[in-house]
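Residues per chain are reported as follows:
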Amino acid sequence: MADRLLKAQQQRKYVRDLWIFLASVVAFLAVVRATRLLLSLVFSAKRISAAVDSSPHATPPEKSDPEAINKQQTGKMCLRRLPVALGSAFRVLAFRLSIPIGPGSKATVAELLFIFGYIAVMLILCFVDTKGLNFIFWEDRAAHLASCQLPLIVALAGKNNIISFFTGVSHEKLNILHRAAARTCLLFLWIHAITRASEGLPEKFDLTHGWMRCGATGLVAFTLATILSVRPIRNIAFEFFLISHIILIGIFLVCGYLHTREVEFGDYIWPALVIWAFDRILRGARLLWNNRFKTSGDHHECKATVELLSSDTVRLTLRRKFNWRPGQHAYVVLPTVSTLPTEAHPFTIASISSKLDGSEAAFGEERDVTFIIRGREGFTGRLREHAKDRKTAIVPAFVDGPYGCPPDLTRFSTSILLAGGSGVSYTLPLLLDIVSKARANKSAAKRVIFVWAVRDPDHIEWISKVLTEALVAAQPTQLQVVAKLYITGPSSPTAEHQHSASDSDSLGSSSPESPTLEKEGKLPFFHELQIAHGRPSVKKILQEEISCALGSVSVDVAGPSGLSQSVARVLASDITSPLSVLRGMPAVTLHTETFGMTK
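Residues numbered from 1 in each chain as written. Predicted model: local features only at pLDDT ≥ 70, side-chain atom pairs only at ≥ 80, totals over all residues. Heavy atoms only, no water.

Peer 1: When you look at the overall build of the protein chain in this model, what are you seeing that I'm missing?
Peer 2: Check the secondary structure of the protein chain and you find 18 helices and 19 strands. Classification of the 599 residues of the protein chain by burial places 49% in the buried group. Approximately 28,600 Å² of the protein chain is accessible, and the part contributed by carbon and sulfur atoms is 63%. (Helix = DSSP H or I, 4+ residues; strand = E, 2+ residues; numbered from the N terminus. Buried < 20%, exposed > 50% of the residue type's maximum accessible area, 1.4 Å probe, protein only. Areas by Shrake-Rupley, 256 points an atom, 1.4 Å probe, with all protein chains shown as cover.)

Here is the structure:
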């Protein structure tokens, strides 16, 4: 009897200790984020002021900004840059060194630290103070620790969650922690089930009771959901994974609640159901608000235009009245294209909500919400075929968003935007936003390099138009924009669009005030818009641009995992080492767009 009383006290105690630990981690990350935001506001204001102040008495940036570079002192050790060097060392170690954890899967040191730290804490709390690992103490404690984590697991999967709000880590980057926590929870539930079954179930706890059958059914459903969520299945049949996951987890939560309620621990489960319902209500409300419609002539707000840009890529354009930040994504619902009319698929918004001239759209004014979508299998394949049949089509469309916590590039002196394939939908709006902010005198950016590697030369026509508009808009500012397009497929770009990307002398060689027209009726010719056939040398581009930067550098990458890994390897080399930073090389921050584990 004494052991059972002690067992019940320990279960409550260690569940409480686990939540105190998790709350402390979130609080620490929230404090770090708040500190970074405060410092960013202080230094960003100084950088922007220095960038727009053309008076001869303006404060030299190296006097007010620890990240500013004095090229005359490059090569000399400067202890004033020690904090910047330590920050660079931390970023290299935590976020740029990746470790294989399965076929085609890698995780950064920071991700593995959180995953294994979480598992270690769970194991310690499960088996500590068990009188020589006496199973009486840990057989049920494993179930308590696992069940109390269900609200956290559901929150990590939600598009609207308080963890992202406090930490600034967007929901898609939290997905790896969602999977790790869920699999740890499943392991602990099986420890509970196997231990209980192996010692023999007394009549009070056998499977003749409905609440026990609910427990077994829920565990089977959770196990199936975990098996069907492994990376190969998600990649091959994502729509099947998504539907099965929702159904199986729903069964698990309902059955789990009925099971735990019998022993008066249902309060472990119902908060998870509340969190899930809250996320769905918010998404539903945002869906209704974003897609409120009115009929005016032939215009209808719940429609979208589908255009075929190349043999495998479409552009989806909606007219809506909401704001978003460059780099954010949204969920698109196309009832006539999807297998199920309620399917929602995430895509990065490839346009900006402001105007290139720096002015903001008026309240209630419609904006083009554009998505660049590559057709593969499933939904995107059907969308591509839909566009092929009609070239340009109008379809019913709804959008839920925006979501994500993209970086603010206005505080960086130099931004290097690297994209492969459909990853351009992430880097293109970042470029347009930098130009727009420069026109509005709200940016410290001096130079932005846009690099896109794409297979099909058919993309040249539309991307050249967008980039030319950006180059024209940047003319009145001090911002220097260089765009490099690489056609990697067997077909080379046409001669009329071919600009040499190998001629380094062309970088900034033309006066931005005087673009020349190739032919009447065609786009103006800029030396800063270069098109070449072949693959870009990521290492060469990064080394050249980082070495000549005069302040902090942001590198933003989106596209195939191989591209992200190549960039991370270069930025983990000597060019960003603490010693190089101490000797005058700029601090470099890497931002990688990713849905789930793609590194």
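Peer 1: Looking at this structure, how should I read the packing of helix α9 (residues 210–227) against helix α11 (residues 238–262)?
Peer 2: Contact geometry for α9 and α11: axes closest at 7 Å, N-to-C directions at 150°. Between α9 and α11, the interaxial angle falls into the category roughly antiparallel. Where α9 crosses over α11, the handedness of that crossing is left-handed. The segment α9 lies against α11, with W211, M212, C214, G215, T217, G218, L219, A221, F222, L224 and A225 engaging H245, L248, I249, I251, F252, C255, L258, H259 and E262. In terms of residue class, the contact of α9 with α11 is built from 14 nonpolar, five polar and one charged. (Axes fitted to C-alpha atoms, helices over the stretch in contact; angles between N-to-C directions. Parallel < 35°, antiparallel > 145°, perpendicular 65-115°, else oblique. Left-handed = near helix turned anticlockwise from the far one by under 90°. Contact = heavy atoms within 4.5 Å. Nonpolar A, V, L, I, M, F, W, Y, C, P; charged D, E, K, R; others polar.)

Peer 1: What's the story with the sheet that holds strand β6 (residues 313–320) in this structure? I'm lost.
Peer 2: To summarise the sheet geometry, strands pair through backbone hydrogen bonds and adopt either a parallel or an antiparallel arrangement. The four strands are arranged β9-β6-β5-β10 in an open sheet whose pairing can be described as antiparallel. Each edge of the open sheet carries a strand with a single partner, namely β9 (367–374) and β10 (392–396). Going from strand to strand, the sheet's axes swing by 25° on average, the running direction of each strand aside. Pairing geometry for β6 and β9, over eight bridges, is antiparallel. By the bridge assignment, R315 is partnered in β9 with I372. (Pairing = 2+ DSSP bridges.)

Peer 1: How do you make sense of the sheet that holds strand β11 (residues 398–403) when you look at a structure like this?
Peer 2: Strand order in the open sheet made by the three strands is β8-β7-β11, with antiparallel pairing throughout. Two strands in the sheet have a free side with no partner beyond their single neighbour: β8 (345–348) and β11. The sheet shows a mean angle of 30° between the axes of neighbouring strands, taken without regard to direction. Direction of pairing for strand β7 (residues 329–333) relative to β8: antiparallel, over a ladder of four bridges. Counted as the bridge partner of H329 is T348 from β8.

Peer 1: Teacher, can you tell me more about the environment of F116 here?
Peer 2: For F116, the location among the structural elements is in helix α4 (residues 109–127). We classify F116 as exposed; its relative accessible area is 53%. For the pair F116 and A180, spaced 64 residues apart in sequence, the C-alpha separation works out to 9.0 Å.

Peer 1: I tried to follow the pairing of strand β5 (residues 303–310) on my own but got confused; where do I start?
Peer 2: Looking along a regular strand, one sees the side chains alternate between the two faces of the sheet. Sheet topology note: the β5/β10 ladder contains five bridges and is antiparallel. Pairing of T305 across the sheet is with I394, part of β10. Pairing of β5 with β6 involves six bridges; the strand directions are antiparallel. Considered in β6, the bridge of S310 is made with T313. A loop of two residues connects β5 with β6, the two strands running antiparallel in sequence.

Peer 1: When you look at the pattern of salt bridges in this model, what are you seeing that I'm missing?
Peer 2: Pairs can form between side chains of opposite charge whenever their charged atoms are close. One pass over the structure, following the stated rule, counts twelve salt bridges. As a salt-bridge pair, K437 and D433 come within 2.8 Å of each other at their nearest N and O atoms. In this pair, K437 and D433 both sit in helix α14 (residues 424–439), four residues apart, roughly one turn of the helix. Salt bridges sharing common partners tie together R319, E366 and D368. (Salt bridge = Lys/Arg side-chain N within 4 Å of Asp/Glu carboxyl O.)

Peer 1: Help me understand the packing of aromatic side chains in this model?
Peer 2: To describe a pair of aromatic rings, one takes the distance between the centres and the angle between the planes. Under the defined criterion, the tally for this structure stands at ten aromatic pairs. Aromatic pair F165 and F166: ring centres 5.3 Å apart, planes at 75°, arrangement edge-to-face. Of the residues examined, F166 reaches a relative accessible area of 39% and is grouped as partly exposed. Pairing W452 with W462 gives two aromatic rings, centres 5.8 Å apart and planes at 65°, and the pair type is edge-to-face. Here W452 is found in strand β13 (residues 447–454), whereas its partner W462 is found in helix α15 (residues 460–474), with ten residues between them in sequence. With respect to class, W452 is no different from W462; both count as buried. (Phe/Tyr/Trp six-rings, centres within 6.5 Å; stacked < 30°, edge-to-face > 60°.)

Peer 1: Please clarify how α9 should be interpreted in this entry.
Peer 2: Quick reminder: α-helices carry 3.6 residues per turn. Residues three or four places apart thus point the same way. The terminal C-alpha atoms of α9 lie 26 Å apart, and with 18 residues this matches the ideal 26 Å at 1.5 Å per residue to within 8%. Burial in α9 covers these residues: W211, M212, C214, G215, G218, L219, A221, F222, T223, A225 and T226. (Expected span 1.5 Å × (residues − 1).)

Peer 1: Would you mind showing me how to read the environment of W276 here?
Peer 2: With respect to the helices, strands and loops of the structure, W276 is situated in helix α12 (residues 270–290). Taking the C-alpha atoms as reference points, W276 and G250, separated by 26 residues in sequence, lie 10.0 Å from one another.

Peer 1: Explain the side chain of S564 to me, please; I cannot follow it from the model alone.
Peer 2: The topology assignment puts S564 in helix α17 (residues 561–570). S564 gets classed as buried once you look at its relative accessible area, which sits at 7%. When near neighbours in sequence (up to four residues on either side) are disregarded, S564 contacts V557, G559 and T592.

Peer 1: Would you explain the environment of A8 in this entry?
Peer 2: By the secondary structure assignment, A8 is in helix α1 (residues 2–52). With a relative accessible area of 25%, A8 lands in the partly exposed category. Spatially, the C-alpha atoms of A8 and R141 are 8.7 Å apart, while their sequence positions differ by 133 residues.

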